[in-house]
There are 2 protein chains.
Amino acid sequence: MAYSFRHLIEHKRDGGVLRSGEIRWIIAEYTNEHLPDYQMAAMLMAIFKEGLDGHELEVWTDAMLHSGQVMDLSHIDAPKVDKHSTGGVGDKVSIPLAPMVAACGAAVPMMSGRGLGHTGGTVDKLESIPGFRTQLTPDEFASIVEKTGLVLAGQSESLAPADGAIYSLRDATGSVPSIPLIASSIMSKKLAVGLGALVLDVKVGRGAFMKTLDRARLLAETIVGIGKTHGTPVVAVLTDMNQPLGRMVGNANEIAESVEVLRGGGARDLVEVVYRLGEEMLMLAGVESERADARTRLEKAVASGAAFEKLEQVTIAQGGDPAVLHDPSLLPMAENEHVVIARESGYVVRVDAFDIGTAALRLGAGRERKEDAIDPAVGIAIEVKVGDEVTAGQPLARLRWNDEGRLANALPITESAFEVSEHLGTPLVYGEVR
Amino acid sequence: MAYSFRHLIEHKRDGGVLRSGEIRWIIAEYTNEHLPDYQMAAMLMAIFKEGLDGHELEVWTDAMLHSGQVMDLSHIDAPKVDKHSTGGVGDKVSIPLAPMVAACGAAVPMMSGRGLGHTGGTVDKLESIPGFRTQLTPDEFASIVEKTGLVLAGQSESLAPADGAIYSLRDATGSVPSIPLIASSIMSKKLAVGLGALVLDVKVGRGAFMKTLDRARLLAETIVGIGKTHGTPVVAVLTDMNQPLGRMVGNANEIAESVEVLRGGGARDLVEVVYRLGEEMLMLAGVESERADARTRLEKAVASGAAFEKLEQVTIAQGGDPAVLHDPSLLPMAENEHVVIARESGYVVRVDAFDIGTAALRLGAGRERKEDAIDPAVGIAIEVKVGDEVTAGQPLARLRWNDEGRLANALPITESAFEVSEHLGTPLVYGEVR
């Protein structure tokens, strides 16, 4: 069946509902490059404005999911559970979390993204471990998760290729922040991996793509809804991203901080989010049915060293050098340090995650353009959290830098990220949607 | 100055206002093919949804107008006035009107379009006069209007090229029926000709692009507003396009009907619209200040044969054979005729202009695809008007056809265009906007 794409655009533009056959035709023909980008761009803007209803969204997601290969991990006996974050600053959660959950008996077949704009990417961070390969074939992916209970890979181009093509177009044409398009993008890739269950970490605030709790909740509900229609249980947890998570923002420095968590240390906020998501994963996977039991199991996996060993195993399986995990001082680290100090005494009322993420990007920890290389050795250590009391002259942040021009470019926005005055933080966990 | 087109799309998408420099940059860079179609398609959809305010529209129009050559007709002493129609079925108004107005002492430098969808085009109709050339160079255009007080040409590609490029993209991506985009498209082309004044015929109804009086009035007000900011007086007249105008729908047959009007005959509705627009043109050009005087002058130009002679002069100047004007039976005319008759007696309550336009298109009088050739010899003669009393068996329409398959395709929609029952027509002229 062939349709007039122009008529379908007009129909959606005027608030109409697309039928299943029409949606499947659009996704298939666009993936095969039979439909021009300019028409798809107009359709995406129409969807941005008019939305997709529940049934349209289900079909749109399913069509993207089936636009390429669908993995079959059914030969793995362990319950399979993954975690996905909508992206933030200092969000290295996956790196300690996945080994912890795997050490507790669930299988974690994780595909992560690269940094996007001011946010960091798990894949970029992992690649600061010398030799660590994130581009795996589907066979390598399946065999590593089968062997170690865990795999930490980048997106495979053979999975949900429609999503990659549509995402690039949205990025260029102003239709990125659309709830149904974000939700279908996330879920098409996750469902193509053949997951059993998914925990979603929806970041909310200045440093997140969802700036308000309302929009974050809507995204969470939308994704939980897609999971339901596909028979994949999803729990979404809404967490704060007004200030960076943990202490480190960059790449190699976030690996070091992740190891700290696996060694039983780490910043309080980071640890809280890691354990909360770990509890959800273990409960969703059916490893534990009570939250307290899940917590205890996670704590034991850390205390026994089993979680750290999982990270070591997966690092070796993916070609990385495990020596840097045992001695994080071997990780790349820029020699030059610039310290930003408090100009006045008082309480820290703002550490702006967007500004800090942008500063790290400018230092070279992220990409201005897609083709840019990142510098794993640069980054920012945040020395204070919202609510902390500081005295004038005390360090607020330490910037590790390799290029003087980049430092000069990053410094003003780092300084303006901090606000010191009189008191009070915001909650870390806002709620959850099941 | 360079801008991020993506940011401008996002700004418009969210209801923002574009600045002058931003708009001029978009139009200039798109015309120079420095901006990709997919981004422009998204911007046009955003404009479709969010509109352009008065100042944005003024700048958008001005930027399109200056995207190519701007004609200078200032050496012509006579007041220059043009008429533009938003397009309809049986709308051959320009062909008798322009010579009538020229015969009254105004100069009419007219650029017209080709048929679009179910509507006919003045240029296609003129080309059914053997030899008549509508593609003129700007020099030919200027010299013919200088010599004969009149020129009837097609769109020049060197005038407002941005409009041509944007129109094609809108057509493929569902942003055609946007009031600001329609208004700026019309006015950029008209202003590039260097007009003194413009009378706009906004068609309203089933066979028009504006289906409701509200939208037609909004378009009229928008165009009058653009004229005002550019110092070009515009009067818009809203006229009915629920039923076809006049008796003939096609190409050569509409030339014959136009000659009838110049000979003092013609269908009442067609004559009423021609004279009403002619009065507006003469008043706007300053040839007459009173409507009654303008009417008398037009009637005299017809009665004296001066108007017919103007059409003859311009035909010769543009390479056409004037013999067909003296004897319209020499015009191409398909030999086969099929008569649609009334099945019951009563009043005609509907002669659907959209259906009749579509039927004529299917017979070959218009183009299904841009590259199609039209057949000037086919068309439809409408034998009844809304409000007429008919008896069963009386002819409603006569189809002239050349291809049996096309006739079979055109017939059902021709038949369903007519509704006979118990009565009353709709007004022909709905009002005006100054």
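Residues numbered from 1 in each chain as written. Chains lettered and ligands numbered in written order. Predicted model: local features only at pLDDT ≥ 70, side-chain atom pairs only at ≥ 80, totals over all residues. Heavy atoms only, no water.

1. Points about unusual backbone geometry
A negative phi angle characterises most non-glycine residues, just as the trans form characterises most peptide bonds. Phi at Ala160 of chain A is positive, roughly 45°, even though this residue is not glycine. Among the structural elements, Ala160 of chain A can be located in the loop between β3 (150–154) and α8 (161–173). (Helix = DSSP H or I, 4+ residues; strand = E, 2+ residues; numbered from the N terminus.)

2. Description of the relation of the copies chain A and chain B
Mapping chain A onto chain B calls for a rotation angle of 180° and an axial translation of 0.0 Å; the resulting RMSD is 0.0 Å. Such a combination of rotation and displacement between the chain copies is what one expects of a two-fold axis. Scanning chain A for the C-alpha nearest the rotation axis identifies Tyr38 of chain A, at a separation of 1.7 Å. Most of the interface of chain A is mirrored in chain B: 100% of its interface residues are interface residues there too. (Least-squares fit on C-alpha atoms with pLDDT ≥ 70 in both. Contact = heavy atoms within 4.5 Å.)

3. Some remarks on the packing of helix α3 (residues 37–50) of chain A against helix α3 (residues 37–50) of chain B
Contact geometry of α3 of chain A with α3 of chain B gives a least axis separation of 7 Å together with a crossing angle of 35°. The handedness of the crossing between α3 of chain A and α3 of chain B comes out as right-handed. For the pair α3 of chain A and α3 of chain B, the contacting residues are Asp37, Tyr38, Ala41, Ala42, Met45, Ala46, Lys49 and Glu50 of chain A in the first and Asp37, Tyr38, Ala41, Ala42, Met45, Ala46, Lys49 and Glu50 of chain B in the second. (Axes fitted to C-alpha atoms, helices over the stretch in contact; angles between N-to-C directions. Left-handed = near helix turned anticlockwise from the far one by under 90°.)

4. Re the sheet that holds strand β8 (residues 346–351) of chain A
Residues and elements named next belong to chain A. Overall, antiparallel pairing links the three strands, which are arranged β10-β8-β12 in an open sheet. The open sheet has two edge strands with one neighbour each: β10 (389–390) and β12 (418–421). Pairing between β8 and β10: two bridges, direction antiparallel. Bridge assignment links Tyr347 to a residue of β10, and that residue is Glu389. Helix α17 (residues 404–417) rests against β8 and β12 of the sheet, and its axis sits at about 35° to β12. (Pairing = 2+ DSSP bridges.)

5. Here's the deal with the interface of chain A and chain B
Across the boundary between the two partners, chain A contributes 22 residues, which contact 22 residues of chain B. The largest share of the area that chain A buries against chain B comes from Arg13, Tyr38 and Lys49 of chain A, three residues that together contribute 35% of it. At the junction of chain A with chain B, the criterion picks out four salt bridges. The partner of Asp171 of chain A in a salt bridge is Arg6 of chain B, and the shortest N-O contact between them spans 3.3 Å. Run the count over chain A and chain B and you get 10 residue pairs in polar contact (both at pLDDT 80 or more). Secondary structure elements with two or more residues in the side of chain A that touches chain B: α1 (5–13), α3 and α8 of chain A. No other element matches the 10 residues that α3 of chain A contributes to the side of chain A that touches chain B. Per-class residue counts for the side of chain A that touches chain B are 10 nonpolar, four polar and eight charged. (Buried area = accessible area lost by both parts, 1.4 Å probe. Salt bridge = Lys/Arg side-chain N within 4 Å of Asp/Glu carboxyl O. Polar contact = N/O pair within 3.5 Å; in protein donor to acceptor, adjacent residues only side chain to side chain. Nonpolar A, V, L, I, M, F, W, Y, C, P; charged D, E, K, R; others polar.)

6. Focus: the environment of Met281 of chain B
Residue and element names in this part refer to chain B. The residue Met281 is located in helix α12 (residues 268–284) in this model. It is 9.6 Å that separates the C-alpha atoms of Met281 and Val234, two residues lying 47 residues apart in sequence. Met281 has contacts with Val81, Asp82, Lys83, Leu97, Val101, Val108 and Val199, leaving out every residue within four places of it along the chain.

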